[in-house]
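A structural walkthrough
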Protein chains: 2
Amino acid sequence: MSLKYLTAKLAQQIDEELMNQAGAFSIDQLMELAGLACAQALARVYDKKKYPNVLVCCGPGNQGGDGLVAARHLGMFGYTPTIFMPKPGSKDIYQRLKTQCDNMKIKTIPPSNDTSALREALTSSNVILDAIFGFSFKGPIRAPFDSALPLLSDSRLPIVSVDIPSGWDVEEGNVEGVGLQPDVLVSLTAPKLGVRSFRGRHFLGGRFIPKTLEDNFELNLPVYPGSDQIVELKE
Amino acid sequence: MSLKYLTAKLAQQIDEELMNQAGAFSIDQLMELAGLACAQALARVYDKKKYPNVLVCCGPGNQGGDGLVAARHLGMFGYTPTIFMPKPGSKDIYQRLKTQCDNMKIKTIPPSNDTSALREALTSSNVILDAIFGFSFKGPIRAPFDSALPLLSDSRLPIVSVDIPSGWDVEEGNVEGVGLQPDVLVSLTAPKLGVRSFRGRHFLGGRFIPKTLEDNFELNLPVYPGSDQIVELKE
């Protein structure tokens, strides 16, 4: 039985089941574990001595929240994260997660009408964490991300994408050719259909799916090693 | 500068600072990371092949919540936890954490007027996670824990205590002589005054204290290795 790749709808359904009354998880819990997994995957591949400066790019949705959690944990791990979040989400949880980063003196690129601040930040970054679009993304890419994505690509910095590389269709992949080309991917709960062809280092995070839920959705998840929050997927 | 040992009042103050508006953490987040740290410390010392069955003993307060989170993670790690929670806390979060354990088919010892069910569970357990009393404990030990603690001690099973071994005075230690004698201790955020004389394996968890908070309270925390959620304290 091989690992299941999820449609956007199925990914949404699993999230809902985890958080409904029967599943009982709060978004705070799931986001904490997801963001921690992303930070651990980045740290596994990019050593902080060689790649100290991480540009954490956050979208306005839940994936942006995962990014903020990851930024905080990366700060705890000894990296120097900088947050790029040009369109902050309005939910209370994003505000709280952002405050937690502020309290750790993690810098955020100031909002601006042009891309100069992002360009500047890229010149001093060693690796990018892409937490811009998640499994609820539907194109086209809107401002300010339409101008940001090409800059991230052009930087030639290594990219760690969360769940679905930003700009990719969740089920069809990088069909428009406008998406990021990450070196590392961290799929959460289970990989999405759109990343079937991804050939970089691929980790799975989100070690919180009860066996019954896994069975119901026939996810066929791999075994996570030890007490790790991530498992690397091999061909 | 050596690691600071906290009074009960200081521990309470740090918790409050983390969760007030400025600190911005939710109890869900802190409990998730604390419980994960406890599970990881247990897994570090007691291999699941040799110690598969973990009796997770939970009190009615926040430490019981940490225990429930730890039970869930231990289940994820491949252990078979059983929950002993004779006096469930009434807060909504405990109910949710308990449901998450139920969803993972983690058994709970049924409530009973005598200790037979606990005795029975102890015979099939390999290790105990003691999450009964935390830093807000004030003696004397009340029912049903007054009869439970001696049974845990008499079992001669290895014990991993969270924050303060149950029955110990938070600042004075095991002065009454009625407390558990753990083999392993997991202190959360910073160790409490009462465990200064503890000589077993001692881990620190709760990797979420911002540097400014650490400095304000002069905690002098040790460096956590890599992306671990725990660090072992050495003499």
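Quick look at the structure, then.

Thresholds, definitions, all that
Residues numbered from 1 in each chain as written. Chains lettered and ligands numbered in written order. Predicted model: local features only at pLDDT ≥ 70, side-chain atom pairs only at ≥ 80, totals over all residues. Heavy atoms only, no water. Least-squares fit on C-alpha atoms with pLDDT ≥ 70 in both. Core = buried A, V, L, I, M, F, W, Y, C linked by side-chain atoms within 4.5 Å. Buried < 20%, exposed > 50% of the residue type's maximum accessible area, 1.4 Å probe, protein only. Contact = heavy atoms within 4.5 Å. Helix = DSSP H or I, 4+ residues; strand = E, 2+ residues; numbered from the N terminus. Pairing = 2+ DSSP bridges. Right-handed = clockwise from strand over helix to strand, strands pointing away. Buried area = accessible area lost by both parts, 1.4 Å probe. Polar contact = N/O pair within 3.5 Å; in protein donor to acceptor, adjacent residues only side chain to side chain. Nonpolar A, V, L, I, M, F, W, Y, C, P; charged D, E, K, R; others polar. Salt bridge = Lys/Arg side-chain N within 4 Å of Asp/Glu carboxyl O.

Bringing the relation of the copies chain B and chain A into the picture now. Overlay of chain B on chain A (RMSD 0.0 Å): rotation 180 degrees, translation along the axis 0.0 Å. What the rotation and shift describe, once combined, is the action of a two-fold rotation axis.

To continue, consider the nonpolar core. Counting residues in hydrophobic clusters, the biggest one holds 123 residues, and the most contacted among them are L42, L74 and L129 of chain A together with L42, L74 and L129 of chain B. Beyond its immediate chain neighbours, meaning those up to four positions away, L74 of chain A contacts A39, L42, V54, V56, Y79, P81 and L129 of chain A.

With that settled, consider the pairing of strand β1 (residues 53-58) of chain B. All names here are of chain B. When you tally the buried positions in β1, you get five out of six residues, the bulk of the element. As defined by bridge partners, β1 adjoins strand β2 (residues 80-84) across five bridges and the pair is classed as parallel. Note that in β2 the partner of V54 across the bridge is P81. The parallel pair β1 and β2, bridged by helix α3 (residues 62-77), forms a crossover whose chirality is right-handed. Alignment of β1 against strand β4 (residues 127-131), held across five bridges, turns out to be parallel.

With that out of the way, let us pick up unusual backbone geometry. Cis geometry is adopted by the peptide bond preceding P144 of chain A, which originates at A143 of chain A and carries an omega value of 0 degrees. Relative to the helices and strands, P144 of chain A is located in the loop between β4 (127-131) and α6 (145-154). Residues G139 of chain B and P140 of chain B are joined by a peptide bond in cis, for which omega reads 0 degrees. By the element assignment, P140 of chain B lies in the loop between β4 and α6 (145-154). Although it is not a glycine, D163 of chain B adopts a positive phi angle of roughly 70 degrees. Note that D163 of chain B resides in the loop between β5 (159-162) and β6 (184-188). Residues other than glycine seldom take positive phi values, yet N220 of chain B does so here, at roughly 50 degrees.

Turning our eyes to something else, we now look at the interface of chain B and chain A. Facing the 31 residues of chain B at the interface are 31 residues of chain A. Of the roughly 2600 Å² buried between chain B and chain A, counting both surfaces, carbon and sulfur atoms make up 57%. The largest contributions to the chain B side of the interface with chain A come from Q29, M76 and R207 of chain B, which together make up 20% of the buried area. At the junction of chain B with chain A, the criterion picks out 14 residue pairs in polar contact (both at pLDDT 80 or more). Broken down by secondary-structure element, the contributors of at least two residues to the side of chain B that touches chain A are α2 (27-45), α3 and α4 (92-103) of chain B. Ranked by residue count, the leading element in the side of chain B that touches chain A is α2 of chain B, at six residues. Its residues assigned to classes, the side of chain B that touches chain A comprises twelve nonpolar, 13 polar and six charged.

A word on the pattern of salt bridges. The full count for this structure, using the stated rule, is 20 salt bridges over all chains. Here R201 of chain B and E232 of chain B are joined by a salt bridge, their closest N and O atoms 2.9 Å apart. Separated by 31 residues along the polypeptide, R201 of chain B in strand β7 (residues 201-205) and E232 of chain B in strand β8 (residues 230-233) bring together distant segments of the chain. The exposure class assigned to R201 of chain B is partly exposed, which follows from its relative accessible area of 36%. What emerges from the salt-bridge pattern is a single network uniting D28, D92 and R96 of chain A.

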